[in-house]
Structure formats: C-alpha cells, structure tokens
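So you can see what is in the structure, the chains are spelled out below.
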Amino acid sequence: NYLVSFLTFDEIYLIKISFMEKYIPTFTDITLWQKRNFINTGGTRAKFVSVNEQGEVFYFKGSKETREGDIRYPLEFWSEILSSKIGQILGFEILDYNIGYDSKHIQKIGCLSKSMINQNDERLTEGITYLKGFSPNYNPLVDKKKYTFHFIKQALIHHKIDKHLQYLIDTIIFDCIVGNSDRHQENWGFIRKYIEIKIENLINSQNDSSKNWVQKIRNLFLNKRKKEIHNRKKVRKIIRINLEESTRFSPIYDSGCCLAREKNDDEIQLMNKDIQLIEKYINKGKSEIHWDEKKVTHFNLVELLLNDYADIVKNRIKKVKENFDANNIISLVNNIDANLPDFCNEYKLTKERKEVIIKIVNLRI
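All values reported here derive from a predicted model rather than from experimental measurement.

### Notes on the overall build of the chain
Then, number 1: Within the chain one finds 14 helices and 9 strands.
Then, number 2: With 365 residues in all, the chain has 45% of them scored as buried.
Then, number 3: Of the contacts formed within the chain by residues at least 6 apart in sequence, a portion of 68% connects residues at least 24 apart.
Then, number 4: For the chain, the accessible area works out to roughly 20,700 Å², and carbon and sulfur atoms hold 49% of it.

Shown next as structure tokens:
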C-alpha cells in the first residue's frame, strides 16, 4: 500500500502488464532439434521427445488423434497451455507449457514442455504403477469404477507415501477450476531420485558399515542370487536403487481435456450468446476420479473431500482466492497466442472462443 501511494495510475498499469507478460507462452521452432521418436511418453495424443542444442529434454504434444489419423480436437494443445498458465497464476505447482512448432511433423504446432525430471538421476513413476503395485489384478480398462479417491489413497498408504495425498487433492481442485475431465492413472505420479550401482561392486563389497539399503541388496545377492548371476550368460551389470526419501509428488501435468476444447466454432458462438449454455456445460462436467465407484461432478468431489480434508481443501481454495483476479484471466486468454508468428495465424483462437474460455474459468472459480 505504501508503494502504491507513490505510483501513478499509468505506472501501476505497466507493473500489471509486466506481471502478466511472464505468463504469455513463448513460441519455439524445434524443427532442427534432435527428435527421439522411440521414447514412449504414454497417452493418446501425438507426442515426441526433442533435445535442444544445450542437451535439454523437451516434450512436444499435439492434439488428440483418432485411430484413422484424424485430429479429433485441433485446438486441444491450446487448452493444455491455457490450463498451465492459469494454474501458475493461481499458485498451483504445475508444469509449464508453451508453444512448439515443427515444420516436419504431421501436427506442426502443439504444446512444448521441458522435462520435469533430471534425466541423470530421476524418474517419473506414473500413478498406475502404484495402483497395480497395491492391487496387481487392477485393470484400468475394465475396472473403471474402481478408480476412486479412496482406492488411490489406499495405494499410497500401502506404498507409505500417503503424506503426499494433499497434492493429489490440490490436483483435484485445479481440475475443478479448469474442468479437466481426464485425470487418469497416467496423468499424475511421483518423481524419485535413484542411483546406479554395478552389481559386481555390490557383491564384492566388504564394507559392512554401509547404509541399510545397500546392505540389504548386498545380502540379497550374496545369499540368494550369487550362483544364479554367475551361471547366467547375460547378466545385468547395473542395478538402479530408488532413494525413497527423495520421493515427491509430480507437478500437475496433462490437463488439456478442458475449457471447451471439444466444442466446434458453431457451438462456441451459441455458448457465447447464451450464458445458460455455459452454466449447463460447467455443471455437466465430471471428474475422472470416482467416489464410491460413481462418477461425480468436479464440484461434488471437492465438497465430498471437505468432510475428511477440510483444512487442506480450504487452505488451497483460500490461496486461489488470494491469487485470483478476473482481469488477469482476461489478459492471459486474450494474449495467449500473441507470440505466434504471422505464418501461424491459422492456429490463433477466435475472439468468440476466447470469450467463452474467460467466462468458463471465471464462473468455475
């Protein structure tokens, strides 16, 4: 307040513009980057991994494709970028997405994100691994109703990482704000550090004062598998050991199934003229994470979580309210494609679509 008293209106406005500029997505041409098509990134959208001149790993993601190769929702990558920037403005721990362009790819334009892990000593383990580790017979394609908040909670308790449950709740609240309907088992996870040790060194080690996890593995190889290792023709020379104390919940990622990305231009125009259509659209959306084996709306799921996690839910909503400014949302959405070069003008969002997105976010909050 003391600072503001010494500033003119124009100076305050410029500070506000400067604040918003950091959220406007950058445009990067990755055509000449080294592409790694062989890496499986999961999911159903067109993806590949690219490495820039500095050796940094980035993920390019287009819009969802059908089995026939058609692009189902051409503007879905914008929803990913928008939800990322909205999440940052509201104070969520979320992966940063910007605009990527590859002139040689089928989908030339998409969202681009830097790898959330250090490639040398970290790995991302997706939620499905923990769920199947807890319930080996769980099949997400068949057991869709079993994908509940309580099931996830039980799995995290089983793996002794339930202290991170609050970050899953944060993710659910974020999904409620943007209306993301696809928080499936591969769209959240944990990041862990690991070290690599040569098995030969482990077996031959005479250091009995080593850490517990080294001693356990050393004993395992010495007592149970030493003969087996020596008798095999092909033997793994290196073993990876996870450092469990470093486990952390991943930033929120893959949140593009939101913000009316599935609506065509005609539907968008109708929604823009009739606020009741937008309200109906908002109230209809449901969370992918079930409750008591039933799909519920995003808002109902947050309400249900209030019963057992009131402090976590209320604290997060308080932070959202503190960070929320409707004018910031308007500025972000209207300028989301400001850095597109002229030869990419065809990918810009229409004025009507931007207006609908603004109304959706403000109404949801």
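### Structural notes on the nonpolar core
Then, number 1: Core analysis: the largest hydrophobic core is formed by 75 residues, its most contacted members being Phe149, Leu259 and Leu305.
Then, number 2: Among the elements that make up this core, the one with the highest residue count is helix α6 (residues 165–178) (9 residues).
Then, number 3: Those residues within four positions of Leu259 in sequence are excluded, and the remaining contacts are Ser79, Leu82, Ser83, Ile86, Val178, Tyr281, Ile357, Ile360 and Val361.
Then, number 4: One finds Ile30, Trp33, Phe60 and Leu112 within the second-largest nonpolar core, a separate group that totals 6 residues.

### Regarding the confidence of the model for the chain
Then, number 1: Per-residue confidence for the chain averages 86 on the pLDDT scale, and 79% of its residues sit at or above 70.
Then, number 2: When the criterion is pLDDT under 50, residues 222–235 qualifies, and its contacts beyond four places in sequence or with other chains add up to 10 contacts.

### Some remarks on the pattern of salt bridges
Then, number 1: What the rule picks out here adds up to 16 salt bridges.
Then, number 2: Note that Arg316 and Asp170 form a salt bridge whose closest N and O atoms lie 3.1 Å from each other. Remark: Asp170 occurs in helix α6 and Arg316 occurs in helix α12 (residues 310–323); sequence separation between them is 146 residues. The pair Arg316 / Asp170 is uniform in exposure class, with both members buried.
Then, number 3: The closest approach of N and O atoms between Lys351 and Glu355, which form a salt bridge, is 2.5 Å. Taken together, the positions of Lys351 and Glu355, both in helix α14 (residues 351–364) and 4 residues apart, correspond to about one turn of that helix.
Then, number 4: Using a relative accessible area of 25% as the deciding quantity, one classes Glu355 as partly exposed.
Then, number 5: Linked by salt bridges that have partners in common, Asp121, Glu122, Lys193 and Arg248 make up one network.

### Concerning the side chain of His164
Then, number 1: For His164, the position within the fold is in the loop between α5 (149–158) and α6.
Then, number 2: According to the relative accessible area criterion, His164 is buried, its value standing at 8%.
Then, number 3: Beyond its immediate chain neighbours, meaning those up to four positions away, His164 contacts Phe190, Thr247, Arg248 and Phe249.

### Quick word on the pairing of strand β5 (residues 98–101)
Then, number 1: As defined by bridge partners, strand β1 (residues 27–29) adjoins β5 across 3 bridges and the pair is classed as parallel. Each bridged residue has a counterpart across the sheet, and for Thr28 the counterpart in β5 is Gly100.
Then, number 2: Where β5 and strand β6 (residues 109–114) come together, 4 bridges link them in antiparallel fashion. Paired with Ile99 across the strands is Cys111, a residue of β6.

### Observations regarding helix α10 (residues 275–284)
Then, number 1: Listed as buried for α10 are Ile278, Tyr281 and Ile282. Buried positions in α10, seen along its axis, are confined to an arc of 100° and lie on one side of it. Exposed positions of α10 whose direction lies more than 90 degrees from the buried face are Gln276, Lys280, Asn283 and Lys284.
Then, number 2: Where the residues of α10 are buried, they touch α9 (265–273), α11 (298–308) and α14.
Then, number 3: Regarding α10, its N-cap is Asp274, as a side-chain oxygen of that residue lies 3.0 Å from the backbone nitrogen of Gln276 further along.

### Looking at the pairing of strand β4 (residues 57–64)
Both faces of the sheet carry side chains from a regular strand, because those side chains alternate between them.
Then, number 1: Counting buried residues in β4 gives 7 out of 8 residues, a clear majority hidden from the surface.
Then, number 2: When β4 meets β6, the two strands line up antiparallel, connected through 4 bridges. Bridge pairing in β6 places Phe60 opposite Leu112.

### Re the environment of Ile289
Then, number 1: Locating Ile289 in the fold gives a position in the loop between α10 and α11.
Then, number 2: On the basis of relative accessibility, which here comes to 1%, the residue Ile289 falls in the buried class.
Then, number 3: Sequence separation between Ile289 and Lys146 is 143 residues; the distance between their C-alpha atoms is 9.2 Å.
Then, number 4: In this view, Ile289 contacts Tyr147, Thr148, Phe149, Ile152, Leu168, Ile172, Arg183 and Leu301; residues no more than four positions away in its chain are not counted.

### A look at unusual backbone geometry
Then, number 1: We note that Lys160 has phi near 60°; this positive angle belongs to a residue other than glycine.
Then, number 2: Considering the arrangement of structural elements, one finds Lys160 in the loop between α5 and α6.

### Things to note about the environment of Ser250
Then, number 1: Assignment of secondary structure puts Ser250 in the loop between β9 (238–249) and α9.
Then, number 2: Using a relative accessible area of 4% as the deciding quantity, one classes Ser250 as buried.
Then, number 3: Beyond its immediate sequence surroundings of up to four residues, Ser250 is in contact with Met116, Leu124, Trp188, Gly189, Phe190 and Ile191.

Cut-offs applied
Residues numbered from 1 in each chain as written. Predicted model: local features only at pLDDT ≥ 70, side-chain atom pairs only at ≥ 80, totals over all residues. Heavy atoms only, no water. Helix = DSSP H or I, 4+ residues; strand = E, 2+ residues; numbered from the N terminus. Buried < 20%, exposed > 50% of the residue type's maximum accessible area, 1.4 Å probe, protein only. Contact = heavy atoms within 4.5 Å. Areas by Shrake-Rupley, 256 points an atom, 1.4 Å probe, with all protein chains shown as cover. Core = buried A, V, L, I, M, F, W, Y, C linked by side-chain atoms within 4.5 Å. pLDDT = per-residue confidence, 0-100. Salt bridge = Lys/Arg side-chain N within 4 Å of Asp/Glu carboxyl O. Pairing = 2+ DSSP bridges. Arc of directions from axis to C-beta. Polar contact = N/O pair within 3.5 Å; in protein donor to acceptor, adjacent residues only side chain to side chain.

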